[in-house]
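# Working through the structure, step by step
So the chains spell out like this:
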Amino acid sequence: MATSPDKTDLQLALAASRQAFLYILLFSLFINLLMLAPSIYMLQVYDRVITTRSPETLLMLTLVVVFLFIVMGSLDLVRSRILVRVGNRLDMQISDRLYQATFKRALLVPGKPSAQPFNDLTTLRQFLSGNGLFAFFDAPWIPVYIAILTLFHPWFGIFAAVAASVLMVLAWINEKSTQSLLSEANREHVQSQDLAQSNLRNAEVLQAMGMLPNLLARWRGKHHDYLVHQSHASDRAGALSNVSKTLRVMFQSLILGLGAFLVIEGSLTGGMMIAGSILMGRALAPIDQMIGGWKGFVAARTAHARLNALLSAVPAEPQRMPLPPPVGRLALETVTAGPPGENRPTLWDLSLQSNPGEHIAIVGPSAAGKSTLARVMLGVWPVQSGSVRLGGTDISQWPRERLGPFIGYLPQDVELFDGSISENIARFGDVNPAQVIEAAQKAGVHDIILRQSAGYDTQISGSGGVLSGGQRQRLGLARALYGNPVLVVLDEPDANLDASGERALQHCLRQLRTQGTTVFIISHSPAILEHVDRVLVLQEGRMVSCAPAHPPAPKMPQPTRETDTPIHSIRMRARGKPDDSRPPLSLSPEPPKS
Ligand SMILES: Nc1ncnc2c1ncn2[C@@H]1O[C@H](COP(=O)(O)OP(=O)(O)OP(=O)(O)O)[C@@H](O)[C@H]1O
């Protein structure tokens, strides 16, 4: 959906429904006119039928009023249906964009993913499709009812205006006294839901270490606060709703009393007295309904505000020109970066260039920034300064869905998704069986898959289901290799592998080398490091060196630069044991000349 600079997609979608809302307003006009039918019927029965004692007139009037009731009921039905469709259309127009925005926010605010926007959309849709909104469409007709009552008698008009004003003041008090409580309750509800959601994700850890009661206590605290605020708000709203209902019924009775007085005075007929009471009920009903449904309105208003905030904070991806397929030349130019939302960088001033087909290991002590570097290389986390280029193009310029097939990524925590093994390997796109098998064979997981109950069609769940940790890792590797990407980034791919898994990984690296795939691999395994061209050593977010992994062949000139550090020295440094016999390493931005 196109976005105008000052309006969110939600506002645009609501604006697109303006015509439907105008129709609903028109329907409301007719419905409210037809609502006058019972009063007119009453008026005619009292003032005409009873005085003329004519059963034919009564029959005619009754038939007409029944017909009008049927029309009114039908219009009301159509009005409800239009609103349901407006709600559904809004949902359909906005849900894709919302999905993308929610997803992108999860990347921008790592560690705090929340599905609340979908709940917000449901709240908004339900309000738009529910009866709560009708009160707002009926409210504009209140002055019309008061005007008709004034035509009956000026005192009727004055009385109705006073009664409506009293109820409106009550509605205003309701809004003021519940607004902050309901917003607070809403916020706490979202927090308690997010907490429960994250606890559910870690159910095994909670169970194993008996942490459930502690986390339950935390969740209970939030849930309790939510309940307290919600109850306070409901108490106040309930009391006001009660007062408003009682006052409405009382006003309806009192107008009868006023009518009777005017009848005695001779300035009003008996029919007008009864019809006036019915009209009064109609005039006050929307205000009463609004007070009753205020909680739903506030929830929808809060949801609307939250959705708008999300959509403005995460603008839609701009349409980008298609680019030619990239080559696996990755260049980092004085990159300073860190987790999104964190001001302090985790990586400082990193420069590096890889040749297509080159294999580079990234080593360094824990928290050196290796995984951060992997994310930054792939454009998952944005840079704070500098740039990351793939095949000469800034990686942030690529539309992700176009870049994705050229990239393979195996994160430290392998996340699989609900679906079949083949769908997982094929990244949930069109499953190309030959490519799925090729990727699985490269990752050394083909035989393992064949041993599963339904082979490649075996269903797995997001947490891996039937697969062991090592198998999931190999499946994640197959997914990373699917479609022969030009750049593959593997974050500790050997973390869960046994000896055969490690052999398979080494075989895989040999194949990737043959096919010219650029590989960055985070690993400290000596067997893996034997397969790389260069080793990039990171320490405290800075690149200590990026030197050839192997000492040059005997006949080649010996390394003269400080940066051409043999691998044995780098390994020691990576494990926090600096090799004091050698001078400090400096940065080597250039790839080795082959
Ligand atoms: N999502 C995050 N939010 C905030 N800080 C983060 C996040 N991820 C990593 N960091 C911080 O960035 C720094 C580097 O972390 P990173 O995971 O890149 O290190 P690493 O070298 O991969 O460590 P390890 O070998 O233990 O996996 C750490 O200080 C860590 O606290």
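As recorded in an unreviewed UniProt entry, the protein goes by Peptidase and comes from Salinicola socius. UniProt, in the comment section headed Subcellular location (unreviewed entry), describes the protein in these words: "Cell membrane".

### Observations regarding the sheet that holds strand 9 (residues 487-491)
Strand order in the open sheet formed by 6 strands is 6-9-10-3-11-12, and the pairing between neighbours is mixed. Looking along the sheet, the strands with just one partner apiece sit at the ends: strand 6 (407-410) and strand 12 (542-548). Pairs of neighbouring strands in the sheet enclose a mean axial angle of 15 degrees, with direction left out of account. One ladder, built from 6 bridges, connects strand 11 (residues 534-539) with strand 12; its direction is antiparallel. Its bridge partner lying in strand 12, Leu538 is registered against Met543. This element, helix 18 (residues 469-481), spans strand 6 and strand 9 of the sheet and lies at about 165 degrees to strand 6.

### Things to note about unusual backbone geometry
Non-glycine residue Asp349 carries a positive phi angle of around 50 degrees. A relative accessible area of 46% places Asp349 in the partly exposed class.

### A look at the pattern of salt bridges
Tallied over the entire structure, the rule returns 12 salt bridges. A salt bridge links Arg79 to Asp76; the shortest N-O distance between them is 3.3 Å. A residue pair is termed a helical-turn pair when its members lie 3 or 4 positions apart in one helix, as Arg79 and Asp76 do in helix 4 (residues 55-108) at 3 residues. Judged by relative accessible area, which is 3%, Arg79 ranks as buried. We classify Asp76 as partly exposed; its relative accessible area is 28%. The salt bridge involving Arg248 is made with Asp288; its shortest N-O contact spans 2.7 Å. Linking Arg248 in helix 10 (residues 212-265) with Asp288 in helix 11 (residues 270-292), this pair joins segments that are 40 residues apart in sequence. In this pair, the class of Arg248 matches that of Asp288, namely buried. Shared partners join several salt bridges into a network, and the residues in it are Asp76, Arg79 and Asp138.

### Description of empty space enclosed by the protein
Scanning all chains against the criterion turns up 2 cavities of 30 Å³ or more. Taken together, Leu29, Asn32, Leu33, Leu36, Trp141, Val144 and Tyr145 form the lining of the largest cavity. Where the lining of the largest cavity is concerned, the elements lending two or more residues are helix 2 (18-34) and helix 7 (142-152). Among the elements that make up the lining of the largest cavity, the one with the highest residue count is helix 2 (3 residues).

### What about the site of the ligand?
Around the ligand sit 14 residues in total, of which Ser366, Ala367, Lys370, Ser371 and Thr372 are the nearest. Between the ligand and Gly369, the relevant distance is 3.0 Å, taken from an oxygen atom to a main-chain nitrogen or oxygen of the residue. Computed on the free molecule, the ligand has an accessible area of 620 Å², of which 64% lies beneath the protein chains in the complex. Its residues assigned to classes, the shell around the ligand comprises 6 nonpolar, 6 polar and 2 charged.

What counts, and where the lines are drawn
- Each residue is numbered by its place in its chain's sequence as written, counting from 1.
- Reporting of local features is limited, given that this is a predicted model, to residues whose pLDDT is at least 70; pairs of side-chain atoms are given and counted only at 80 or more, and all residues count toward the totals for whole chains, interfaces and linings.
- The side-chain figures draw on all heavy atoms in the structure; neither hydrogens nor water molecules are used.
- UniProt positions are given in the numbering used here, feature names are shortened, and annotations may be inferred rather than shown by experiment.
- The criterion for strand pairing is that DSSP finds at least two bridges linking the strands in question.
- A run of H or I in DSSP becomes a helix once it reaches four residues, and a run of E becomes a strand once it reaches two; helices and strands are each numbered from the N terminus.
- Axis definition: a line fitted to C-alpha atoms, over the contacting stretch in the case of helices. Angles run 0 to 180 degrees between N-to-C directions.
- We call two residues in contact whenever any of their non-hydrogen atoms come within 4.5 Å of each other.
- Summary of the burial criterion: residues with accessible area below 20% of their type's maximum are buried, those above 50% are exposed, and those between are partly exposed, where the area comes from a 1.4 Å probe applied to protein chains only.
- Salt bridges are defined as contacts in which a side-chain nitrogen from Lys or Arg sits within 4 Å of a carboxyl oxygen from Asp or Glu.
- Detection works on a 1 Å grid of protein atoms alone, calling trapped sets that fit a 1.4 Å probe cavities and calling open sets with protein on both sides within 12 Å along at least five of seven lines pockets, with lining residues defined by an atom within 4 Å of a point.
- Grid points are joined across faces, edges and corners, and a volume is the space filled by probe spheres set on the points.
- Any residue with a non-hydrogen atom lying within 4 Å of a molecule or strand is treated as near it.
- The term polar contact refers here to a pair of N or O atoms within 3.5 Å; inside protein, the definition further demands a hydrogen-donor-capable atom paired with an acceptor-capable atom, and it admits residues adjacent in sequence only when both atoms are side-chain atoms.
- Only the protein chains shown count as cover for residues, and all accessible areas are computed by the Shrake-Rupley method using a 1.4 Å probe.
- Residue type decides the class: Asp, Glu, Lys and Arg count as charged, Ala, Val, Leu, Ile, Met, Phe, Trp, Tyr, Cys and Pro as nonpolar, and the leftover types, Gly among them, as polar.

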